[in-house]
Amino acid sequence: MFVPALLAAWASLLLAPVLGAVTWTATPFNPASVPLAVRSPYLSAWLPQGAGTALNDAWPTFWTGSILGWAGFAKVDGVAFNWLGVPGVPGTTFNKATQKSLQFTSTQSIFEMTAGPVDLTVTFLSPVEPSDPVNQSLPLSYYSVSAASNDGKAHSVQIYTDISAEWVTGDNSLTANWTTTTGSVLTHQVQLAAQTQFGEIGDHIQQGSAYHSTLNTAGATWQNGQDTVVRAQFINNGKLTNAGDTAFRAVSDRWPVFAFAHDLGSVTGATAPVVFAVGHARDPAVQYIVAGGALQSRGLFFWTRFSTVASAISTFLGDYSNALVRAKAFDAKVNADATKISADYASIVALSIRQGFGAIETTVSRTGGGFNTSDVLVFMKEISSDGNVNTVDVIFPAWPLFLYTNPTLGKQLLLPLFEYQATGQYPNKWSVHDMGASYPKALGHNDGKDEAMPVEESGNMLIMTLSYTQKSNDLSLIKTYFNLLDQWTQFLITDSLIPANQISTDDFAGSLANQTNLAIKGIVGIKAMAQIASLLGDTARSANYSSIAASYVQQWQKFATSSDGTHLTLSYGDSASWGLSYNMFADKLLQTNVFPASVFDMQTTWYSTHANAFGVPLDTRHTYTKSDWSIWTAGLVTTTAVRDLLISSVRKYAADGKSSQPLGDWYETTDGSVEGFRARPVVGGHLALASLPDSMRH
Ligand SMILES: *[C@@H]1O[C@H](CO)[C@@H](O)[C@H](O)[C@H]1NC(C)=O
Ligand SMILES: *[C@@H]1O[C@H](CO)[C@@H](O)[C@H](O)[C@H]1NC(C)=O
Ligand SMILES: *[C@@H]1O[C@H](CO)[C@@H](O)[C@H](O)[C@H]1NC(C)=O
Ligand SMILES: *[C@@H]1O[C@H](CO)[C@@H](O)[C@H](O)[C@H]1NC(C)=O
Ligand SMILES: *[C@@H]1O[C@H](CO)[C@@H](O)[C@H](O)[C@H]1NC(C)=O
């Protein structure tokens, strides 16, 4: 696109990150973007942090980078302080609170802000409750604010927050409408006046409603209306009018905001927190192809316990203190498990968990007036790379997150793929790439023209299915879908030792024939089917596939080893080439042991001398790498030194302040700058080491 030079210079000034030196303590580090409310593909609010942006130095953004209006003020002894967002309020004066610290855990981001003689603690909690599908599917996040005097004296404190209608659309010229309900809970509900079921604009769903809620405790007030009017009301008066503006209008027309204020009264020691919920819910949530091309509309699983969003919000807000206890226990468990590897590893894992869960939604089908709770399917949005539904080679890198937290989620992610292909509507003999081109429409690919990754996806399905079965001892997937699994194995037997010119999951790197790493995947896939057959008592088939896998490994070693015997090549015969052979991690995870230990040792030695400043490149075609595959590789190398080299490289990149977007898995190893991806669920792959049994870690 042509950009006039002047305009371009102006734009680059405007977009330059705030490079102020960081003046607060960060634990464990300042990430490029801090998760604030990250629970679903459509509830995904972040603080773009870059090299040092405080909570009140920028607007929170949707994962795409578009602004989500979200402002916070406090009044302390009559003096106003801004602690969230960067609102301008003409005709008023206020100070900026000073950020003292930032801490993130797996579920929380906690900021301490000094507002004159009072310190505010602002906690953003996005629960991760993988064992409870109701709780996990609730598209709601908490945030809370507590205050404490920092000079030993009592101070009068009021707290204010609002959200804008930017939370309901990717097009701010569209008309929103809203209602505020009062009772024991105060709730602002905002939505587009014209809804599009299952439709997105700029990755925002154009359906359903945003919610902003708080308990209606003594001293709570509310207001909605023009941003500058509502904010000025609080700044000048320390409370709101309990009145609304019903001139429904475009999101950007006199920016309507949806606000609450709480009066904390006279504050000395730390107060109990005032708690808010922010969310985005829609119904139905996902469209899903079933037999004969019929389309099913599925709801989020929370509807099985709550008949209205209002009752879900009321329970959610009332449960905050328990939810915080559960979140702290979850954070502590993840941290303890990951710290067994290293502190660097624990920090990467903590940053990855909300991002991974923020791409999935647990759904249920309806039957008559109720729900079929035996029919639970999880859907994943391939955030940022193309918006596909349940992409097999995106579930695959993310797999360790589900294996670690609850393997049933893994099964429920695979089920749509199995069910669809078992209907016979997908025409190819290999595994489909995804369940639909655009989330949340899981319409399949009856024309067979999905992005072709035949060896990649067939191997992935076999590996994940055996992994689930081993971890859960549940034989249902392998019993029900044995024929499909065997069909994909047949394909791998003909097509994976000498892989045709095709792409792998790393499609951005280009297509190539004879990819060593794809052949690894295919061979582990064949061996996985041998074990699946064995689990079902089909010993003849098991022995046959085992011997095919063993014979392929022998041939593969000749094709894939460089002529000087120092490393595996990227593609057969190209001795100068090499890459991260991350698919060998699957051989270790499944304990299939088809590849000789000497190959693991050889690769370990090779990587020890082939790292750039920010890690080992993905392969010799480029100098970029992938954080997920780097950590998978850390899970397969045979020395602690190389494992830690790979881990510390990812941590160095994640903390380098060179971007302000939600964690990107694709980055440059020479200087630690980010490539095109952001906020993708593949960071679930950072759990690779945590998902291995202790006995299998180096
Ligand atoms: C789910 O949330 C409810 C409150 O709505 C809570 O009582 C329950 O313990 C939670 N379940 C799990 C497994 O944490
Ligand atoms: C807002 O728009 C929705 C969708 O068209 C409609 O169902 C609802 O009744 C409207 N609400 C108000 C308060 O006008
Ligand atoms: C409920 O779902 C299960 C699993 O998909 C299915 O076998 C069963 O037929 C469904 N029941 C009804 C009443 O639709
Ligand atoms: C792939 O590798 C095999 C075995 O080395 C070789 O026979 C074949 O020519 C290669 N194909 C291509 C396209 O390079
Ligand atoms: C082993 O499996 C291959 C691929 O399905 C098949 O062609 C071959 O006949 C089988 N061999 C035996 C002994 O069953």
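On a predicted model such as this, the values are computed, not experimentally measured, just so you know. (Residues numbered from 1 in each chain as written. Chains lettered and ligands numbered in written order. Predicted model: local features only at pLDDT ≥ 70, side-chain atom pairs only at ≥ 80, totals over all residues. Heavy atoms only, no water.)

Undergrad: Help me understand the UniProt feature "domain: Glutaminase A N-terminal" (unreviewed entry) in the protein, please; the structure alone is not making it clear to me.
TA: Summarizing the sequence annotation, UniProt attributes the feature "domain: Glutaminase A N-terminal" (unreviewed entry) to residues 107–337 in the numbering used throughout. Each end of residues 107–337 is marked by a C-alpha atom, and these two atoms are 15 Å apart; helix forms 19% of the span and strand 43%. (UniProt positions renumbered as here; feature names shortened; annotations may be inferred. Helix = DSSP H or I, 4+ residues; strand = E, 2+ residues; numbered from the N terminus.)

Undergrad: Could you clarify how one ought to interpret the packing of aromatic side chains in this entry?
TA: Note on aromatic pairs: each is described by the distance of the centres and the angle between the planes. The tally for this structure, following the rule as stated, stands at 38 aromatic pairs. Taken together, a centroid distance of 5.9 Å and an interplanar angle of 85 degrees make the contact between phenylalanine 357 and phenylalanine 402 edge-to-face. Taken together, the positions of phenylalanine 357 in helix H6 (residues 343–357) and phenylalanine 402 in helix H7 (residues 392–405) put the pair 45 residues apart, joining distant regions of the chain. Of the two residues, phenylalanine 357 and phenylalanine 402, both sit in the buried class. A connected cluster of aromatic rings, assembled from ring pairs, spans Trp70, Phe111, Phe124, Tyr143, Trp167, Phe260 and Phe276. When the ring centre of phenylalanine 614 is taken as origin, the NZ or CZ atom of lysine 652, which lies over that ring, is 4.4 Å away. A cation sits over an aromatic face here: arginine 680 above phenylalanine 677, 4.0 Å from the ring centre. (Phe/Tyr/Trp six-rings, centres within 6.5 Å; stacked < 30°, edge-to-face > 60°. Buried < 20%, exposed > 50% of the residue type's maximum accessible area, 1.4 Å probe, protein only. Lys NZ or Arg CZ within 6 Å of the ring centre and 35° of its normal.)

Undergrad: Any chance you could explain unusual backbone geometry here in plain terms?
TA: A negative phi angle characterises most non-glycine residues, just as the trans form characterises most peptide bonds. For the peptide bond that leads from aspartate 283 to proline 284, omega is -5 degrees, which places it in the cis range. Of note, the bond from tyrosine 439 into proline 440 is cis; its omega dihedral lies within 30 degrees of zero at 0 degrees. Here proline 440 shows up in the loop between helix H8 (407–422) and strand S26 (441–442). You will see that arginine 254, though not glycine, has its phi angle at about 50 degrees, which is positive. Within the secondary structure, arginine 254 is located in the loop between strand S19 (249–250) and strand S20 (256–267). Phi at asparagine 473 takes a positive value of approximately 60 degrees, unusual for a residue other than glycine. Mapped onto the fold, asparagine 473 is located in the loop between helix H9 (454–472) and helix H10 (476–480).

Undergrad: Got a minute to help me understand the environment of isoleucine 520 in this structure?
TA: By the secondary structure assignment, isoleucine 520 is in helix H12 (residues 516–535). The exposure class of isoleucine 520 is buried, given its relative accessible area of 0%. Once residues lying within four places of it in the same chain are set aside, the contact partners of isoleucine 520 are Trp556, Leu568, Ser581, Asn583, Met584 and Phe595. (Contact = heavy atoms within 4.5 Å.)

Undergrad: Even after reading the chapter, I still don't get the sheet that holds S26, so can you show me in this structure?
TA: What links the strands of a sheet is backbone hydrogen bonding, and the strands pair in either a parallel or an antiparallel sense. One open sheet accounts for 5 strands, arranged S25-S24-S23-S22-S26; its pairing is mixed. With one partner strand each, in any of the chains shown, strand S25 (370–380) and S26 form the two edges of the open sheet. With 4 bridges joining them, strand S22 (residues 286–289) and strand S23 (residues 295–300) adopt antiparallel strand pairing. Following the sheet pairing, glutamine 287 is matched in S23 by serine 297. (Pairing = 2+ DSSP bridges.)

Undergrad: Can you help me understand the site of ligand 3 in this one?
TA: By nearness alone, every residue bordering ligand 3 is listed as Thr367, Asn372, Ser374 and Asp375. Between asparagine 372 and ligand 3, the recorded distance is 2.3 Å, taken from a side-chain N or O atom to an oxygen atom. Protein chains shield 35% of the accessible area of ligand 3, which is 360 Å² for the free molecule. Looking at side-chain class alone, the shell around ligand 3 contains no nonpolar, 3 polar and 1 charged residues. (Near = heavy atom within 4 Å. Polar contact = N/O pair within 3.5 Å; in protein donor to acceptor, adjacent residues only side chain to side chain. Areas by Shrake-Rupley, 256 points an atom, 1.4 Å probe, with all protein chains shown as cover. Nonpolar A, V, L, I, M, F, W, Y, C, P; charged D, E, K, R; others polar.)

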